[in-house]
Structure formats: C-alpha cells, structure tokens
Amino acid sequence: MSELRVHLPAFRHNVATLAAIAAPARTMLAVKAEAYGHEMLPVARAALEAGADSLAALEVPAALALRDAGIRVPIFAWLHGADTDFRAAIAQRVDLGVSSREELHRITASTDEGVAAVHLKIDTGLHRNGASVEQWPALVTDALAARDAGRIRIAGLWSHLADASPEADAAARAEFERAIAVAGELGVPLEGPDRPLLHLAASSAGIREPEARYDLVRFGIAAYGVSPFDDVDGPGLGLRGTMTLRAEVLAVADGRAVLDVGAADGLPPRCSGRPEPAQRSCSAAAGHACSPSTSTP
Ligand SMILES: *Cc1c(COP(=O)(O)O)cnc(C)c1O
C-alpha cells in the first residue's frame, strides 16, 4: 500500500510567501501537468485563495477544465497543437500565448466568438518556442493589424528564461527589453490602459532577480515547495513541502528498506533507491512526472 498526500495548507503558505516576494508584480501560478502532479482543481483554488491572481495552464484543454470548474480569473495557455480549439478558448476568455504568425492566424480565424486576448512570445534563448528576433517584427505587425481589425487584444508581451546562469538570464532580459522596444516602435502602446502585461520570470528569477519580475511572475516549482536553486533548499527559502509519499516497508536488508512503491505508482525511475523526501532532484522529478492520475505501470 502506498499513499500520496497533498498538503494544501503548505501550498497556500508557499503561494502567499512567493506573492509577497513578487509584489508589486502579480503572481500567476503554474498548474500545468495536473499542478505538478498534485491534482489541478484543488490546487488552482488554493492558489487563488492564497493570493495568486491568475493561472498558467499550459494547454487550452486544461484551461477549459478550469473554466468548467467555475474559475473566473485570467487563465493563460501557450502550448498549442494542431487540433487546439481556439474557438472554445476565446469563448471562455482564455488568454493565449502566441509564438508565430501561423498561430496568430489560426487564432484570428477563430474570433467569431469574441476578441482573443493574446500574449506575444519572443524567444530569448530557451529555443523551446516563441518568435525569433528575426520573426518578431512581422509577428508584432500582424498582431497590430488583427488588433485594428477588432479580432484580438494584445494582452501581453512575454518570454521564458532558461535559468541556465545569472549571465544567461541577464542576456535574455536584454533581448526581452529590445523586443519590447521594437514592439513599441511598431505601435504597441507601452503606456496607458491598453499597455500589454510584460512577463518573463518563473520561480528562479521571480525569487532572485527583481529586475525580471516586470508585471507578473509565473511561479511553478517553488510553490510546490521545491527550490529552483542548487545552493538552498525549499525550507531555506521559507517554503514547505506540499506532498508526502507514504509506503509500507516490505523488507529491510543491508540497512536499506524495500518500499511498496515504484514506477507503477508514478514514481520516476530516478527516485528508486533514494527515498529521502527532501532529495531535490527526486522531488523535482516527482513534480513533473509523479502524478497519481498519470502513473503508468
Ligand atoms: C513551467 C513554466 C513556468 C513555471 O516554471 P517554474 O520553474 O516551475 O517556476 C513558468 N512559465 C512557463 C512558460 C512555464 O512553462
């Protein structure tokens, strides 16, 4: 018998702690991958109770599930597939990340249900998605035309840091600043009520790089109690563990215990033989892959 427990009070404490660090920037809480394996809906509600004011869902279906559950705050989805239902997303007022002109055109072709709120993404070095520096002016120009046609609202300009090193983050931030300036020159208002939200930081830069916080920080792993840094653990940052895995001891031999839990319960193989709950790589891996609802035998 094994049992995975999620501690919502600890999670709320972490969200409140991070929101206080980020303020006056707003806090968007990442609930992707079933809230890092914790189960999305209760975690999303807890995040909002604790001071987050928006949610990062990754994909449109998860964003729609949050809306179906009655959640009304801004929800952001930015990873789109060939069959993403933009019509439903726009009807449900899901904020959409846009990485390319093709994506923008698919969205503007789906705006019969309303005006789409789009966040234009510049790639600042992570090379996962986002417009390249070369593609950025054309993406912004197309977005301005779609705005003028009443199809979209330019709700954000954003990127994602690789968190490879402080130097790499600083270079990415400079790239982001240049992209914002280019957008401004092309006609995106950088002041006033129609100014798009600027967002760049996730947990790592959100905690340690005040200059990277802009209008909002997209916190993920730190809210789940795991430090994004090598030189300090979660408790060292004032964060609490949000998950406990209990398992029966089946046998003890050579000072090692054999626990009744494994890959069939969703435990990542790299955690085998290292049951220390505070083990950073193990708990980080668990955050991404250790969902009870997604375990594979
Ligand atoms: C996962 C993710 C986050 C949260 O990242 P953490 O490092 O877990 O805080 C923020 N933004 C984007 C785009 C993400 O994919």
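Let us look at the structure shown here. Since the structure is predicted, the reported quantities are computational estimates derived from the model, not experimental observations.

Description of the packing of aromatic side chains
For any pair of aromatic rings, geometry is given as the distance between the ring centres together with the angle between the planes.
Right, on to step 1. In this structure the tally under the stated criterion is six aromatic pairs.
Right, on to step 2. Seen in terms of ring centroids, Phe-76 and Trp-158 are 5.0 Å apart; in terms of plane orientation they differ by 80°. Their pairing is edge-to-face. Here Phe-76 is found in strand β4 (residues 75-77), whereas its partner Trp-158 is found in strand β7 (residues 152-158), with 82 residues between them in sequence.
Right, on to step 3. Judged by its relative accessible area of 1%, Phe-76 is buried.
Right, on to step 4. Connected via pairs of aromatic rings, a cluster forms that spans Phe-11, Tyr-36 and Tyr-224.
Right, on to step 5. Over the ring of Phe-229 we find Arg-208, and its NZ or CZ is 3.7 Å from the ring centre.

As for the site of the ligand
Right, on to step 1. Every residue close to the ligand is listed here: Lys-32, Tyr-36, Trp-78, Trp-158, His-160, Ala-202, Ser-203, Arg-218, Phe-219, Gly-220 and Ile-221.
Right, on to step 2. Within the side chain of Ser-203, an N or O atom sits 2.5 Å from an oxygen atom of the ligand.
Right, on to step 3. Taking Ile-221, its main chain carries an N or O atom lying 2.8 Å from an oxygen atom of the ligand.
Right, on to step 4. Notes on the ligand: free accessible area 390 Å², of which the protein chains cover 90%.
Right, on to step 5. Elements that contribute at least two residues to the shell around the ligand include exactly α2 (32-37) and β9 (216-219).
Right, on to step 6. Broken down by class, the residue content of the shell around the ligand amounts to six nonpolar, three polar and two charged.

Let's talk about the nonpolar core
Right, on to step 1. Phe-11, Leu-29, Val-31, Leu-66, Leu-120, Trp-136 and Tyr-224 are the most contacted members of the largest nonpolar core, which has 77 residues in total.
Right, on to step 2. No other element matches the six residues that helix α7 (residues 136-148) contributes to this core.
Right, on to step 3. Ignoring any residue separated from it by four or fewer positions in sequence, one finds Leu-29 in contact with Phe-11, Val-15, Ala-47, Ala-52, Ser-54, Leu-55, Ala-56, Phe-219, Ala-223 and Tyr-224.

A short note on unusual backbone geometry
Right, on to step 1. Backbone torsion omega between Ala-23 and Pro-24 reads 10°, so that peptide bond is classified as cis.
Right, on to step 2. By the element assignment, Pro-24 lies in the loop between α1 (8-22) and β2 (26-30).
Right, on to step 3. In this structure, Glu-34 takes a positive phi of about 50° despite not being glycine.
Right, on to step 4. Structurally, Glu-34 is set in helix α2.
Right, on to step 5. Of note, the phi angle at Asp-163 is positive, near 55°, even though the residue is not glycine.
Right, on to step 6. Summarising the element assignment, Asp-163 is placed in the loop between β7 and α8 (166-186).

Re the pairing of strand β6 (residues 116-121)
Right, on to step 1. Counting buried positions along β6 gives six out of six residues, so the element sits mostly inside the fold.
Right, on to step 2. Both faces of β6 are covered, namely the face carrying Ala-116, Val-118 and Leu-120 and the face carrying Ala-117, His-119 and Lys-121.
Right, on to step 3. Taken together, the three bridges between strand β5 (residues 95-98) and β6 define a ladder with parallel strand orientation. Its bridge partner lying in β6, Leu-96 is registered against Val-118.
Right, on to step 4. Once the chain exits β5 it traverses helix α6 (residues 101-108) before rejoining the sheet at β6, and the crossover so formed is right-handed.
Right, on to step 5. Across six bridges, β6 lies against β7 in parallel orientation.

Brief notes about the pattern of salt bridges
Right, on to step 1. Inspection of the entire model under this criterion finds 11 salt bridges.
Right, on to step 2. Among the salt bridges present, the one from Glu-3 reaches Arg-5, with a minimum N-O distance of 3.1 Å.
Right, on to step 3. Under the relative-accessibility criterion, Glu-3 is labelled partly exposed at 31%.
Right, on to step 4. Among the ionic pairs, Asp-142 bridges to Arg-101, the shortest N-O distance being 2.9 Å. A residue pair is termed long-range when its members are at least 10 positions apart, and Asp-142 in helix α7 and Arg-101 in helix α6 qualify at 41 residues.
Right, on to step 5. Under the relative-accessibility criterion, Arg-101 is labelled partly exposed at 39%.
Right, on to step 6. Each of Glu-3, Arg-5 and Arg-246 takes part in one network of salt bridges that share partners.

Procedures and definitions
Residues numbered from 1 in each chain as written. Predicted model: local features only at pLDDT ≥ 70, side-chain atom pairs only at ≥ 80, totals over all residues. Heavy atoms only, no water. Phe/Tyr/Trp six-rings, centres within 6.5 Å; stacked < 30°, edge-to-face > 60°. Helix = DSSP H or I, 4+ residues; strand = E, 2+ residues; numbered from the N terminus. Buried < 20%, exposed > 50% of the residue type's maximum accessible area, 1.4 Å probe, protein only. Lys NZ or Arg CZ within 6 Å of the ring centre and 35° of its normal. Near = heavy atom within 4 Å. Polar contact = N/O pair within 3.5 Å; in protein donor to acceptor, adjacent residues only side chain to side chain. Areas by Shrake-Rupley, 256 points an atom, 1.4 Å probe, with all protein chains shown as cover. Nonpolar A, V, L, I, M, F, W, Y, C, P; charged D, E, K, R; others polar. Core = buried A, V, L, I, M, F, W, Y, C linked by side-chain atoms within 4.5 Å. Contact = heavy atoms within 4.5 Å. Pairing = 2+ DSSP bridges. Right-handed = clockwise from strand over helix to strand, strands pointing away. Salt bridge = Lys/Arg side-chain N within 4 Å of Asp/Glu carboxyl O.

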